[in-house]
Amino acid sequence: MLRRSLEGLCLAWLAALLAGPVSAAGYRTANFVVDAPTAEQARRIGDAAEQYRHDLAVEWLGGPLPRWSRPCPIRAQVAPQLGAGGATSFVFDAGEVFGWTMSIQGSEERILDSVLPHEITHTIFASHFRRPLPRWADEGACTTVEHPVERARQHRLLIEFLTTQRGIAFPEMFAMREYPADVLPLYAQGYSLARFLIERGGRRRYVAFVGDGLGGNDWSGALGRHYGLPDVAQLQGVWLEWVRQGCPAPPAALVAVSPPATGPAGDWSARGRGQSPDPAPQPSAVASLPGRRSIYALQARRPSEPGSATAVTAQPPATGVAAPETASVR
Ligand SMILES: [Zn+2]
């Protein structure tokens, strides 16, 4: 039996999150039991969790998940001044996943628009893959469904890390099954790479790529089959150049051509741009909740994320080797 904890957006707050009782009211949905300070908060969080579970499973997998045999408890600490963060744990055993628990904290707005979709995506991936993913692929994908403000923050951090020798070489990053001591670069770089891949093939291809890579532990082969790239090292170079250029979107004119199922990559810049973009976001009940800007409403018009491409160019992480980091946030 392998027990695995997935720590969410802001690991540093985990200790505070688990420190004391926070529940004052409960709310039950088909797949969640929420404890939150007020009954209204518990209801809003529970309904949003259920809606995200449905909508995000459709986006990532192409259809909703079956109901879990037992609901996932969500313990929510809600206060305006709290830093946003979350942790979800579950148990993998003999190809099954169960024993869900989720702890989340932050302002209600940030819980609803970032922490919850992030943590729910972890549960969708666990339900789908039924085995641990490389950390970059898991955290990176989960970060792509956060609010644009949070994603922009990750991009700013990425630029900082790449220019201070804290980038992680891709072969090393692809092999990581646990969090590194210097964890923040893993989040920032994982997010950026997940975004890069999803913008070129959509979420479902990303899931297919991860499943393929997991199946044979052959990530270079999976890159070739799903993205037309020869290997992980080549991906690092192409990705880094994309970051240097300011993360431009693939041209719409070159969209809709599927990559070859197998074979050498060839001119990846042309093939990569020929792949399908993210599917158009679908309106959902979550998106229409008043007083909140949902990821779905904003996905189609991602703001240009601030970042200094020149800073990367000025000091590129030639090998992307992470500097040793003695301090740990966990
Ligand atoms: Zn996470």
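This one's a predicted model, so the numbers in the text were calculated from it and none came from an experiment.

Peer 1: What is the right way to read the overall build of the chain from this model?
Peer 2: If you tally the helices and strands in the chain, you get twelve helices and six strands. Every one of the 330 residues in the chain was classed for burial, and the buried ones make up 43%. For the chain, restricting intrachain contacts to residue pairs at least 6 apart in sequence, the fraction spanning at least 24 positions comes to 70%.

Peer 1: Even after reading the chapter, I still don't get the nonpolar core, so can you show me in this structure?
Peer 2: The nonpolar side chains of a soluble globular protein tend to be buried, and buried together. Among the nonpolar cores identified, the biggest contains 64 residues, and Ile45, Ile74, Ile111 and Leu116 are the most heavily contacted of them. A total of 13 residues in this core trace back to one element, the largest contributor, which is helix H7 (residues 183-216). Both of domain 1 (1-132) and domain 2 (134-330) provide at least three residues apiece to this core. If sequence neighbours within four positions are ignored, isoleucine 111 has contacts with Ile45, Ala76, Val78, Ala84, Ile104, Gly106 and Leu116.

Peer 1: In this structure, what is going on with the packing of helix H2 (residues 39-61) against H7? I would like to understand it.
Peer 2: Interaxial distance between H2 and H7 falls to 7 Å at its minimum, and their mutual angle equals 75°. When the axis of H2 is compared with that of H7, the two are roughly perpendicular. Across the interface between the two elements, Glu59, Trp60 and Leu61 from H2 touch Arg203, Arg204 and Val207 from H7. Of the residues contributing to the contact of H2 with H7, the split by class is three nonpolar, no polar and three charged.

Peer 1: I'm lost on the environment of arginine 75 in this one. Help?
Peer 2: With respect to the helices, strands and loops of the structure, arginine 75 is situated in strand S4 (residues 72-78). Residue classification places arginine 75 among the buried positions, given that 20 C-beta atoms sit within 10 Å. For the pair arginine 75 and proline 37, spaced 38 residues apart in sequence, the C-alpha to C-alpha distance is 9.5 Å.

Peer 1: What exactly am I supposed to notice about helix H3 (residues 108-129) here?
Peer 2: Each α-helix winds once per 3.6 residues, and so residues spaced three or four apart point in a common direction. Spanning 22 residues, H3 covers 30 Å between terminal C-alpha atoms, matching the ideal 32 Å at 1.5 Å per step. Bending of H3 peaks at approximately 35° at the position of valine 115, with proline proline 117 no more than four residues after it. The buried fraction of H3 is high, at 18 of 22 residues. Following H3 by one or two positions, arginine 130 has its phi on the positive side, about 55°.

Peer 1: Looking at this structure, I do not really get the pairing of strand S2 (residues 25-28). What am I missing?
Peer 2: On any regular strand, side chains alternate: one points to one face of the sheet, the next to the other face. Bridge analysis of S2 against strand S3 (residues 32-36) gives four bridges, and the strand direction is antiparallel. Bridging from a neighbouring strand, alanine 25 pairs with alanine 36 of S3. Linking S2 back to S3 in an antiparallel pair, the connection comprises three residues.

Peer 1: How should the pairing of S3 be read in this particular structure?
Peer 2: In terms of burial, S3 is a largely internal element, four of the five residues being buried. One ladder, built from four bridges, connects S3 with S4; its direction is parallel. The residue of S4 that forms the bridge with valine 33 is proline 73. In this region the chain leaves S3, passes through H2 and returns to the parallel neighbour S4; the handedness of that crossover is left-handed.

Peer 1: Quick question: what am I supposed to make of H7 here?
Peer 2: The end-to-end C-alpha distance of H7 is 26 Å, clearly below the 50 Å that 34 residues give at a rise of 1.5 Å each. Maximal helix bending in H7 amounts to about 115°, located at glycine 202. A positive phi of about 50° marks asparagine 217, the residue just after H7.

Peer 1: I'm lost on the packing of helix H4 (residues 135-143) against H7 in this one. Help?
Peer 2: Pairs of packed helices are described in terms of their axes, by the angle between the two and the distance that separates them. Closest axis-to-axis distance for the H4/H7 pair is 7 Å, and the angle between their directions is 85°. Viewed along their axes, H4 and H7 adopt a mutual orientation that is roughly perpendicular. Counted together, Arg135, Trp136, Ala137, Glu139, Gly140, Ala141 and Thr143 of H4 and Leu186, Tyr187, Gln189, Gly190, Tyr191, Leu193, Ala194, Tyr206 and Val210 of H7 form the full contact between these two elements. Tallied by class, the residues present in the contact of H4 with H7 amount to ten nonpolar, four polar and two charged.

Peer 1: What's the story with the environment of serine 89 in this structure? I'm lost.
Peer 2: Relative to the helices and strands, serine 89 resides in strand S5 (residues 85-93). We classify serine 89 as partly exposed; it has 16 C-beta atoms within 10 Å. Expressed as a C-alpha distance, the spacing of serine 89 and alanine 126, which sit 37 residues apart in the sequence, is 9.9 Å.

Peer 1: Looking at this structure, how should I read the confidence of the model for the chain?
Peer 2: When pLDDT drops low, the exact placement of atoms in the prediction is not to be read closely. Taken over all residues, the pLDDT of the chain has a mean of 77, while the share at 70 or more is 69%. Counting contacts from residues 1-23, a segment whose pLDDT is below 50, to residues more than four positions away or on other chains yields 53 contacts. Within the model, the stretch residues 253-330 combines pLDDT values under 50 with 130 contacts to residues more than four positions away or in other chains.

Definitions and cut-offs
- Residues numbered from 1 in each chain as written.
- Predicted model: local features only at pLDDT ≥ 70, side-chain atom pairs only at ≥ 80, totals over all residues.
- Helix = DSSP H or I, 4+ residues; strand = E, 2+ residues; numbered from the N terminus.
- Buried ≥ 20, exposed ≤ 12 C-beta atoms within 10 Å, placed from the backbone.
- Contact = placed C-beta atoms within 7 Å.
- Core = buried A, V, L, I, M, F, W, Y, C linked by C-beta atoms within 7 Å.
- Domains from an automatic or database assignment.
- Axes fitted to C-alpha atoms, helices over the stretch in contact; angles between N-to-C directions.
- Parallel < 35°, antiparallel > 145°, perpendicular 65-115°, else oblique.
- Nonpolar A, V, L, I, M, F, W, Y, C, P; charged D, E, K, R; others polar.
- Expected span 1.5 Å × (residues − 1).
- Bend = angle between axes of the 7 residues up to and from the residue.
- Pairing = 2+ DSSP bridges.
- Right-handed = clockwise from strand over helix to strand, strands pointing away.
- pLDDT = per-residue confidence, 0-100.

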